[in-house]
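Per-entry structural report
For reference, the chains in residue letters:
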Amino acid sequence: MSVSWEAQDLFASTNEPACRDHATSGGTIIAERCPIRVARFPAAKGIRELLIRKGDGGKIGITIRRVLEGKMIVCAVARRSPAYLAGVRYGDEILCHEDEPLPGIEMERMRKMIEHNSRNCVKLQTKDKSGERYVTITRDVEKGYGFRFVNGEITVIRPNTSAEQQGLERKLQIVEVNEEVVVGMSDEDIEAIIYASGDSVTLCVVPVKIYRQLFASLSPVVDDALFLVDM
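This is a predicted model, so every value here is computed, not measured. (Residues numbered from 1 in each chain as written. Predicted model: local features only at pLDDT ≥ 70, side-chain atom pairs only at ≥ 80, totals over all residues. Heavy atoms only, no water.)

1. A closer look at the side chain of glutamate 176
Going by this rule: Working definition: helices are DSSP H or I runs of at least four residues, strands are E runs of at least two. Numbering for both runs from the N terminus. Two N or O atoms count as a polar contact when they lie within 3.5 Å, although within protein this holds only if one can serve as hydrogen donor and the other as acceptor, and sequence-adjacent residues are included solely when both atoms are side-chain atoms. What makes two residues a contact is simply this: any of their non-hydrogen atoms within 4.5 Å.
Inspection of the secondary structure assignment puts glutamate 176 in strand S12 (residues 172-177). Here tyrosine 134 takes part through its side chain, which lies 3.3 Å from a polar atom of the side chain of glutamate 176. Beyond its immediate stretch of four places on either side in the chain, glutamate 176 contacts Arg89, Lys129, Tyr134, Val181, Val182, Thr202, Leu203 and Cys204.

Below you can see the structure in the form of structure tokens.
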């Protein structure tokens, strides 16, 4: 999905001039197959107020799930989508939609709210997933990145490495690598993404305990469609 950066006033950047196409309206468009990195800036208490312009098909590119506690949690974010560029991430909670609180709301009511929203943008209030940290690690010629992981969980931190200096710890779960969600991927696939990133890599990690609770609540269930809604 291609999205106008200027029209949405979103934070995105690329060092590749070839990745920037110019639409007739003067807006900058993200070219297909262009690698993008989107910085998610810190938010007070993890709460974000977002006004997201709709993309193709009137969608912003997320799927949300209603979990047992009645919370609305983001269980999928499409790359290059308006929501992704605005900073919405896997595991975030949607607190409000157009100023209406969502915790405890019925899914049918949620679907009608989305269906009847004829505006060209969506107003959301979101909350970052608990305990998340972003850590940027530089690769050492001799020691590599300085950490090991099993099933996505950090198990070893080598001393005197960038990983140790940046505060990476054991019993943290890798959720994203360079803004790409790696939940459910094999260790081999995660490792391939890390090594393809060059001299540095940015990880989003959460405590293993929090991750297991989050992942369990977002796993598919019987009659899954009843608990999901696309935006």
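Picking up after the structure, the text goes on.
2. Some thoughts on the nonpolar core
Side chains of nonpolar character tend, in soluble globular proteins, to be buried together. To be explicit about the condition: Within this scheme, the nonpolar core is defined by two criteria: the residues are buried Ala, Val, Leu, Ile, Met, Phe, Trp, Tyr or Cys, and they are joined through side-chain atoms within 4.5 Å. Three labels apply to residues, based on accessible area from a 1.4 Å probe with only protein chains included: buried if under 20% of the type maximum, exposed if over 50%, partly exposed otherwise in between.
If you look at the biggest cluster of nonpolar residues, it comprises 20 residues, and the most contacted ones within it are Ile60, Ile62, Ile64, Met72, Ile94, Met110 and Met231. The leading source of residues in this core is helix H3 (residues 107-115), at four residues.

3. Details of unusual backbone geometry
The phi dihedral of aspartate 99 is positive, around 70 degrees, even though this residue is not glycine. Looking at the element boundaries, aspartate 99 is found in the loop between strand S6 (93-97) and strand S7 (100-101). Residues other than glycine seldom take positive phi values, yet lysine 171 does so here, at roughly 65 degrees.

4. What about the pattern of salt bridges?
Defined as follows: A pairing counts as a salt bridge when a side-chain nitrogen of Lys or Arg comes within 4 Å of a carboxyl oxygen of Asp or Glu.
Under the defined criterion, the tally for this structure stands at nine salt bridges. Two residues, aspartate 128 and arginine 48, come together in a salt bridge whose shortest N-O distance is 2.8 Å. Placement of the pair is aspartate 128 in the loop between strand S8 (121-127) and strand S9 (133-138) and arginine 48 in strand S3 (residues 47-53), with a sequence separation of 80 residues. Here glutamate 176 ties to lysine 129 by a salt bridge, and the two come within 3.7 Å at their closest N and O atoms. Taken together, the positions of glutamate 176 in strand S12 and lysine 129 in the loop between S8 and S9 put the pair 47 residues apart, joining distant regions of the chain. Residue classification places glutamate 176 among the buried residues on the basis of a relative accessible area of 1%.

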